[in-house]
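Residues per chain, in single letters:
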Amino acid sequence: MAASQIAAGESLVSKFTSGNVLILCGVIGGLYLLDFLLTPRLDASEPPLLKPSIPLIGHIIGIIWHQTDYHRIVHKKHPIPIASLQMLWGKIYTVWDPQLAQASLRTRNLSFGPFVVEFAQKAFGLSAETFAKITDNKDLVPDFTEAIHAGMQPKCLHAMNATALNHISRTLDKVSPDDEGGVAVPNLYLWVRDAITFATAHSLLGKENPFENNPSLVEDLWTFEGSLPHLLTKPFPTITVRKGYLARNKLQAVLGKYYTAMHDVNDPTVAQLTRGRANVLRGYGFSGVEVAQAEVMLPVAATTNSVPTMYWLICSLFAKPALVDRIREEVLPLLEKGGDSDPDVVTINISRLERECPLLVSCYREIMRLFNQNVSMRRILADTTINDGKGNSYLLKKGVDVQIASGIVHRMQGIWGDDVLEFNPERFLPPTGKSAGQVEKEKTKKNAYIPFGGGQHLCPGRNFALAEILAISSALVVGFDLTPIGMDFDQMKAQPAVLANAVAKPANDGEGLGIKLRRRKGWEAAEWRFEG
Ligand code: HEM
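Residues numbered from 1 in each chain as written. Predicted model: local features only at pLDDT ≥ 70, side-chain atom pairs only at ≥ 80, totals over all residues. Heavy atoms only, no water.

Caption draft 1: Spatial organisation of the overall build of the protein. Across its full length, the protein holds 24 helices and 14 strands. For a compact globule of 532 residues, the expected C-alpha radius of gyration is about 24 Å, and the protein comes in at 26 Å, within 12% of that figure. With respect to the principal axes defined by its C-alpha atoms, the protein has extents near 90 × 65 × 60 Å. Excluding contacts between residues fewer than 6 apart, the proportion of contacts in the protein whose partners are at least 24 apart in sequence is 76%. As displayed, the protein has an accessible area near 24800 Å², and 58% of this comes from carbon and sulfur atoms. In the protein, which carries 55 positive and 54 negative side-chain charges, the distance between the mean positions of the two groups comes to 5 Å. (Helix = DSSP H or I, 4+ residues; strand = E, 2+ residues; numbered from the N terminus. Rg over C-alpha atoms; globule rule 2.2 N^0.38 Å. Contact = heavy atoms within 4.5 Å. Areas by Shrake-Rupley, 256 points an atom, 1.4 Å probe, with all protein chains shown as cover. Lys, Arg positive; Asp, Glu negative; His and termini not counted. Charge placed at Lys NZ, Arg CZ, Asp CG, Glu CD.)

Shown next as structure tokens:
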């Protein structure tokens, strides 16, 4: 290349570069000017404003990028009880103090309803006509919420639990007593995921449930679940979220046939939760196909958090053989052998597990504390003042959104102690002392424990999840030896939870950790059954 050509090229590059630098400076300068002009003016009693490091858009980028973990990042930098985060020229409030979190969750002036509506259109791809049935009928969301609560009354809940768990017992019964070497499960997470998803779909949708004869739907369900954050945020989802979009379509199509055939109405094995929700939608003019479009979310809501919780509990228990021994001791007296006049049938009473196995329950709650990073969203319907019980109050203004992050309060060292980041199986054992100091400490912990949200939208499935997880883990602890394959039980890393889930999943869908599942001596022929 001639020297003149090189010189011409260099000058072009330097012109181009200096041009770019000028544009960049202009953009940054413009952003700062806009930021100065557009910074929201706050009332003195509103939560303090935290401006983003990139003017106007820094917090938005942070939340999209880091999802639920963004709260930890900001709170670490600004360890204050509550804040206003600037988002463009508006703001959201974010609550980090346990008492303020409880106050925000409890007041009816802060509502989840508007998010349900906004979420529905994008997540389910509803037509304008179907969406209008939701927005034109102001009572639809409250009626739907009421149907959820009615469907989770103790009698309905017991029926759901019994169906789900007896379905799971089929998975356990499949482990052959003759197979002394044990059954190799290549991926523990996928094994737990599939067993719980099938069982839950069966208990929700009854014997006609489409998953029964079409196991590939489980994969579709989790593909759809994993793509929810993208369906909500990305433009042109038919192209940009192709796999999730197709999986959702497939699920909606099979469920469309299910609801059009009115199985939810006519099959007595369908859960009241499913029937009640569909009944509300039909009452507002939804066709079977439209019910299916919205109700594609039900099996997702019922599994998305239970599955990883079950997984982390198994990993944390079986990483500590001495702990497994102690829990075994706790569970053994509750088992009844010889049900159904069959000496091999072993029955576990689920309600007794909760009452009589404090260590197992403590482990479950500890897993929930450690792996739950739920962010509850609320919109403020009227100006509201909340206080922290220590003399500080904050004004929350109508129309602003609030985020309440459990991942922060669950990991506050001042509340949980120096081992806050470790799995302490005994942390939630019933307190032994009753001194004023201990009572106060327990109260603080109770306020700082919000894995299921709270108030009107407190998770209605929490008792279903508790029963399901305690029952499966007790059968595993008593009847089986689990030996890790690949890595050890305590080596699996969690990926940060995305905003659509409360509980963190294992990295790479748990790849790298399998198990050898073997029946324990003395329990070779056991057939596991569960009752309410
Ligand atoms: C370990 C398991 C579970 C966890 C950690 C969990 C967590 C949550 C959380 C944090 C919320 C939002 C609460 C709020 O914003 O205040 C929620 C809502 C909900 N959950 Fe769960 N959940 C679990 C299991 C289940 C199960 C098994 C079901 C169904 C059988 C279920 C059904 C629902 C429904 C329908 C809602 C929406 C309630 C409403 O809008 O009023 N969840 N869950």
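Caption draft 2: Expanded view of the site of the ligand. Taken together, 26 residues surround the ligand, and among them Ser-376, Arg-378, Gly-454, His-457 and Cys-459 come closest. Within the side chain of Ser-376, an N or O atom sits 3.1 Å from an oxygen atom of the ligand. Looking at the shell around the ligand, the elements that each hand over two or more residues are α7 (140-151), α17 (306-318), β8 (375-380) and α24 (462-479). Considered class by class, the residues forming the shell around the ligand number 13 nonpolar, 11 polar and 2 charged. (Near = heavy atom within 4 Å. Polar contact = N/O pair within 3.5 Å; in protein donor to acceptor, adjacent residues only side chain to side chain. Nonpolar A, V, L, I, M, F, W, Y, C, P; charged D, E, K, R; others polar.)

Caption draft 3: The arrangement of the packing of aromatic side chains in detail. A complete count under the given rule lists 10 aromatic pairs for this structure. Both rings, one in Trp-523 and one in Trp-528, keep their centres 5.8 Å apart while their planes meet at 20°; by these two values the pair is stacked. By relative accessible area, which is 11% here, Trp-523 ends up buried. Of the residues examined, Trp-528 reaches a relative accessible area of 0% and is grouped as buried. Three or more aromatic residues joined by ring pairs make a cluster, and in this case those are Tyr-189, Tyr-311, Trp-312 and Phe-371. (Phe/Tyr/Trp six-rings, centres within 6.5 Å; stacked < 30°, edge-to-face > 60°. Buried < 20%, exposed > 50% of the residue type's maximum accessible area, 1.4 Å probe, protein only.)

Caption draft 4: Up close: a nonpolar patch on the surface. Together, Leu-24, Ile-28 and Tyr-32 make up a nonpolar patch on the protein surface, roughly 310 Å² of accessible area in all. Within the fold, Ile-28 resides in helix α1 (residues 3-38). Judged by its relative accessible area of 41%, Ile-28 falls in the partly exposed class. (Patch = residues over 30% accessible without salt bridge, like charges linked within 9 Å, V, L, I, M, F, W, Y side chains within 5 Å. Salt bridge = Lys/Arg side-chain N within 4 Å of Asp/Glu carboxyl O.)

Caption draft 5: Highlighting empty space enclosed by the protein. All chains considered together, the criterion is met by 3 cavities of 30 Å³ or more. Forming the walls of the largest cavity are Ile-168, Thr-171, Leu-172, Trp-191, Val-192, Ala-195, Ile-196, Met-310, Ile-314, Ile-472 and Leu-476. Listed by contribution, the elements that provide at least two residues to the lining of the largest cavity are α8 (154-173), α9 (188-205), α17 and α24. Per-element tally for the lining of the largest cavity: the top contributor is α9, with 4 residues. (1 Å grid on protein atoms, 1.4 Å probe; cavity = no way out; pocket = protein on both sides within 12 Å on 5 of 7 lines; lining within 4 Å. Points joined across faces, edges and corners; volume = space filled by probe spheres on them.)

Caption draft 6: The sheet that holds strand β3 (residues 90-95), seen in detail. With mixed pairing, the 6 strands of this open sheet are ordered in space as β1-β2-β3-β11-β8-β4. The sheet terminates laterally at β1 (49-50) and β4 (110-111), the two strands that pair on one side only. Across 2 bridges, the pairing between β4 and β8 is antiparallel. Within β8, the residue paired with Ser-111 across the bridge is Arg-379. The strands touched by helix α2 (residues 58-66) are β1, β2 (82-87), β3 and β11 (401-405); relative to β2, the strand with the most contacts, the crossing angle is about 105°. (Pairing = 2+ DSSP bridges. Axes fitted to C-alpha atoms, helices over the stretch in contact; angles between N-to-C directions.)

Caption draft 7: The nonpolar core, seen in detail. Grouped together as the largest cluster of nonpolar side chains are 149 residues, with contacts concentrated most on Leu-317 and Trp-528. Here this core gets 12 residues from one element, more than from any other, and that element is α24. Apart from residues lying up to four places away in sequence, Leu-317 is in contact with Leu-323, Val-324, Ile-327, Leu-360, Cys-363, Ser-473 and Val-477. (Core = buried A, V, L, I, M, F, W, Y, C linked by side-chain atoms within 4.5 Å.)

Caption draft 8: Region of interest: the environment of Gln-495. Position of Gln-495 relative to the elements: it lies in the loop between β12 (480-486) and β13 (513-519). Distance from Gln-495 to Gly-399, taken between C-alpha atoms, is 33 Å for residues 96 residues apart in sequence. Not counting residues within four places of it along the chain, the set of residues in contact with Gln-495 comprises Ala-504, Lys-505, Pro-506, Ala-507 and Asn-508.

Caption draft 9: Quick peek at the layout of surface pockets. As a volume, the second largest pocket reaches approximately 1000 Å³. Elements supplying a minimum of two residues to the lining of the second largest pocket: α4 (98-106), α20 (358-371), α22 (413-416), α23 (436-447) and α24. When grouped by side-chain class, the residues that make up the lining of the second largest pocket number 14 nonpolar, 10 polar and 10 charged.

Caption draft 10: Seen up close, the UniProt feature "binding site: heme" (unreviewed entry) in the protein. UniProt annotation of "binding site: heme" (unreviewed entry) refers to Cys-459 when read in the numbering used here. The residue Cys-459 is located in the loop between α23 and α24 in this model. (UniProt positions renumbered as here; feature names shortened; annotations may be inferred.)

Caption draft 11: Layout of the pattern of salt bridges. Under the criterion given, the structure shown has 23 salt bridges. We note a salt bridge from Asp-69 to Arg-72, for which the minimum N-O separation is 2.8 Å. Taken as a pair, Asp-69 and Arg-72 lie in helix α3 (residues 69-77) at a separation of 3 residues, close to a single helical turn.

Caption draft 12: Local environment of the side chain of Thr-130. In this structure, Thr-130 sits in helix α6 (residues 128-135). Here the side chain of Thr-130 touches Glu-290 through a polar contact of 2.7 Å, side chain to side chain. Apart from residues lying up to four places away in sequence, Thr-130 is in contact with Phe-286, Glu-290 and Gln-293.

Caption draft 13: The arrangement of the environment of Pro-215 in detail. Within the element layout of this structure, Pro-215 appears in the loop between α9 and α10 (216-233). Placed 17 residues apart in sequence, Pro-215 and Phe-198 show a C-alpha to C-alpha distance of 8.2 Å.

Caption draft 14: Main features of the pairing of β2. The buried fraction of β2 is high, at 6 of 6 residues. Side-chain alternation along β2 places Ile-82, Ser-84 and Gln-86 on one buried face and Ala-83, Leu-85 and Met-87 on a second face that is also buried. As consecutive antiparallel partners, β2 and β3 are separated by 2 residues, and within that stretch Leu-88 has a phi angle of approximately 50°, a positive value.

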